[in-house]
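Structure assessment
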Amino acid sequence: MNKRFIWAAAAAVMSLQMNAAEANESTEANETEAKKEVKLSDIVSKPKFSGYLIGNYNATFQDDNNSNTFSIRLIRLVMTGRILNDFEYKIQGQVNGNSSTFGESPRIVDMSLEWLKHKEFKVKIGQFKRPFTYENPMNPIDIGFNSQAQGVLKLAGFNDRTGEQSSSGRDIGIQVSGDLLPNSEGRTLLHYEVGVFNGQGINRKDVGNQKDVIGGFWVSPIKGMRIGGFGWVGSYNRTGYWSEGMIEQSGSRKVGRYRYALSAEYKDADWQIRSEYIHNTGGAFKATANTSSDLSNCNYNESLGDRADAVYLACVAPIVRGKLRAKARYDLYRPAGSWATAKTIYKAGFNYLFCKNIEIQTEYSFVNDRSLAKHNYSMADVQFSVRF
């Protein structure tokens, strides 16, 4: 009996040890699996998709040159997400347009990766908005008007004065930025941003191996207000052909871009009051870069000279909060830095929000263009936008 009892007890102990080992292995396997799942979700978040579309009707009332047309101004698709929780990527494409010219064809406008671990020091690399002026990085719907101000279009890299291809204010490079001096409410009082870029606009490699340095800062003395300035030191380069007298030359040519902007803005849920002055020193090419002329025309635009400046003052004010807004903008651009070439646009209109994602914007514009024989004409615009 004693021997049988001893053997039975030993068998029971061995069985319990085996069951415990199996249970431990099973627990470890489950924990490893859970760790794998957590690790995978920590590495890459689910991508978020968004976008917007803007349709436009424009009528121009000009002596012997009246026109009116419907158009699709923009269709943009955006994908964003996080990697390792500290990095944010963004890919944005513009899908409307055609392939007849570089500037109007479907293309990638943003492709960037930004390190966001510290709000005081963030690093972004890729293709993205140049840090120049307040209005450049704004969503085109949020601006409140049918387009950016003339100075932003011509001196911040949209349809740049230099002759660079249409680049929507963007370039390829690297940028650091941050928010400093938090107050007792947690609102930061100082923002800075500075970057180094190719200087060639979107989807183009550097040509002259001379980078652009662009940056700015602003202070926020009260909630909703910011006052700041921006600077831009660089050039725009081309390789191709040009004429000097009767002799054709070939090689690399450039025009300088030395620019600064002074900016102020107040903004809340319904109000927008914004003004910027922009100054440019540096020449321009005669032709706008595209697939046909970029390599064949490096002639300078001597008549335009090397000076330009612009100023605008825009105001959007609520009539019915969250629904109906009135707006007005004074917009002056002097492409040659003189009053003889000044173009001034006076705008007024209304914006109506059906909901936060659907908006209609209407405006009337009176234009005084001193470069034309008949200086004055007017325009009417209706713009319909949808976010998704």
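In short, a report on the structure. (Residues numbered from 1 in each chain as written. Predicted model: local features only at pLDDT ≥ 70, side-chain atom pairs only at ≥ 80, totals over all residues. Heavy atoms only, no water.)

1. Some points on the pairing of strand S1 (residues 48–61)
Looking at chain direction, S1 and strand S2 (residues 67–83) are connected through 13 bridges and run antiparallel. Across the sheet, the residue bridging to Asn56 is Ser71, located in S2. In textbook terms, the turn of a hairpin is the stretch between consecutive antiparallel strands, and for S1 and S2 this stretch comprises five residues, one of which, Asp64, has a positive phi near 60°. Note that S1 and strand S16 (residues 376–387) share ten bridges and pair antiparallel. Each residue of the ladder has a partner; that of Ala59, found in S16, is Ala380. (Pairing = 2+ DSSP bridges. Helix = DSSP H or I, 4+ residues; strand = E, 2+ residues; numbered from the N terminus.)

2. Topic: the side chain of Ser177
Here Ser177 lies in strand S6 (residues 170–182). If near-sequence neighbours (up to four positions away) are discounted, Ser177 is found in contact with Glu114, Lys119, Glu120, Phe121, Lys122, His191, Tyr192 and Glu193. (Contact = heavy atoms within 4.5 Å.)

3. Quick notes on a nonpolar patch on the surface
A cluster of nonpolar side chains, namely Leu113, Ile125, Ile174, Val194, Val196, Val213, Val233 and Tyr258, defines an oily patch on the protein surface of about 650 Å² accessible area. When you line up the elements, Val196 lands in strand S7 (residues 188–197). Its relative accessible area of 38% is what places Val196 among the partly exposed residues. (Patch = residues over 30% accessible without salt bridge, like charges linked within 9 Å, V, L, I, M, F, W, Y side chains within 5 Å. Areas by Shrake-Rupley, 256 points an atom, 1.4 Å probe, with all protein chains shown as cover. Salt bridge = Lys/Arg side-chain N within 4 Å of Asp/Glu carboxyl O. Buried < 20%, exposed > 50% of the residue type's maximum accessible area, 1.4 Å probe, protein only.)

4. Quick notes on the environment of Ser378
With respect to the helices and strands, the residue Ser378 is situated in strand S16. Overall, the relative accessible area of 13% leaves Ser378 in the buried class. When the C-alpha atoms of Ser378 and Gln62 are compared, they prove to be 6.8 Å apart, with 316 residues separating the residues in sequence. What Ser378 contacts, discounting residues up to four positions off in sequence, is Ala59, Thr60, Phe61, Tyr364, Ser365 and Phe366.

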